[in-house]
Structures are given as structure tokens and as C-alpha cells.
Amino acid sequence: MIYLCLALIVILATFAYGGLSAAPWVPMRRGDVDRFLALAEIKSGEKVYDLGCGDGRTICAAAKAGARAEGFEVSLLPYLLSQFRRLVLRKSGHDVTIHYKNFWHARIDDADVIYFFLMPKCYPRLKVKLEKELKPGARVIAYVWPIDGWEPVKIDTAPGKPNLYLYRR
């Protein structure tokens, strides 16, 4: 019983850390993954990062589209779910890398596409990171909230669904 309580405390602590760092885990709606793929226009071999990849559904979809896909997650339960999804995907010949790591400490300068579903409170810091590290032409897709001070190239809207904002650096 003590081990179960300790495991629960660890899982809850990682959720709290994720929520304080950038966003609590709220999965992207399944239908919105297709909208992300259409907006991203991923070409085979492009490098795609998902900052806070949660259960891995978006980054795995990018891998299926031909991307060299990489995600970052700090909440333990979603990370474990994403690893399970990654292993299933690998059996179909696609590969994705998912790190149990805070994306704030990761290099993303080789990105062709960056995707995130984060809280706007972290956007000022994220904007600095993206402006500093991204190469010209990289595409940035924000789910739900726009990035202040950046002009989206396109906004994907759908009735009753959150917006997706596409930016180009």
C-alpha cells in the first residue's frame, strides 16, 4: 500500500511540475490532429518537435506523415502513454523519439515544424526561445492561443473547436 501511495505522489508531482512549467496535461482533440497535419504540411524527412507532447498522439501522427518526430514530456503518466503509443507505431515502420525531459532545456534549432498546446503564461519565455533558436522558414503551430506580437500566416478555424495558428519564422 505504501508503494502505491508513493507512486501516486510521484505521478501527481510530475503533473504539478508540468502544469507550473508550461501547461497541465489536456489532450488535443482527436479530430484536431488531422487539422494540425493539414496546417503543418509536413514533408517527408522534416524535423517536427512537439513541446509537451502529452500522450504522443500529435507527434506520432507527424511521424506517420513522414517526419523525423521528437517530443518532450515531463508528466509521468502521459509520458508512459506516449511511450506505449511510440512502441505500437514502431511496429508499423515509423519511428518517433519521446524524451522525459523539459523542453526548456532542449535544443530545437533543427526544427522544420514546432507544435505546442501550452498555456499563454509561458508564451513570452517561449517566444524568446523560438526567436533565438529557430532557423528561418521554420513553421510554428500553436493550438488554442495566438502568440502575442507574431502575425499568423494562417488561422485554422472550425465551428465549436479551438483555433490552430500557423506562424513562419
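As the structure is a computational prediction, the values presented were derived from the model and not from experiment.

Visitor: Can you break down the packing of aromatic side chains residue by residue, with the values?
Guide: All chains considered together, the criterion is met by eight aromatic pairs. On the basis of an interplanar angle of 20 degrees and a centroid distance of 5.9 Å, the ring pair of Tyr49 and Phe72 is categorised as stacked. With Tyr49 in strand S1 (residues 47–51) and Phe72 in strand S2 (residues 68–73), this pair connects stretches of sequence that are 23 residues apart. Here the two residues Tyr49 and Phe72 agree in accessibility, since each one is buried. Look at Phe103 and Trp104: their rings are 4.7 Å apart centre to centre, the planes differ by 35 degrees, and that puts the pair in the tilted class. Here Phe103 matches Trp104 in class, with each residue buried. Taken together, the ring pairs in this structure connect Phe117, Tyr143 and Trp145 into an aromatic cluster.

Visitor: Provide a residue-level description of helix H5 (residues 123–133), including the pertinent values.
Guide: Spacing of three or four residues puts side chains on the same side of an α-helix, whose turn is 3.6 residues. Regarding H5, the residues found buried are Tyr123, Leu126, Lys129 and Leu130. Axial view of H5: buried residues confined to an arc of 120 degrees, hence all on one face. Relative to its buried face, H5 has exposed residues pointing more than 90 degrees away, namely Pro124, Val128 and Lys132. The secondary structure elements touched by the buried residues of H5 are S1, strand S4 (113–116) and strand S5 (139–143).

Visitor: If you had to explain helix H4 (residues 76–90) to someone new, which residues and values would you point to?
Guide: Along its 15 residues, H4 runs 21 Å from first to last C-alpha, staying within 8% of the 21 Å computed at 1.5 Å per residue. Burial in H4 covers these residues: Pro78, Tyr79, Ser82, Gln83, Arg86 and Leu89. One side of H4 holds all its buried residues, which, seen down the axis, span an arc of 145 degrees.

Thresholds applied
Residues numbered from 1 in each chain as written. Predicted model: local features only at pLDDT ≥ 70, side-chain atom pairs only at ≥ 80, totals over all residues. Heavy atoms only, no water. Phe/Tyr/Trp six-rings, centres within 6.5 Å; stacked < 30°, edge-to-face > 60°. Helix = DSSP H or I, 4+ residues; strand = E, 2+ residues; numbered from the N terminus. Buried < 20%, exposed > 50% of the residue type's maximum accessible area, 1.4 Å probe, protein only. Arc of directions from axis to C-beta. Contact = heavy atoms within 4.5 Å. Expected span 1.5 Å × (residues − 1).

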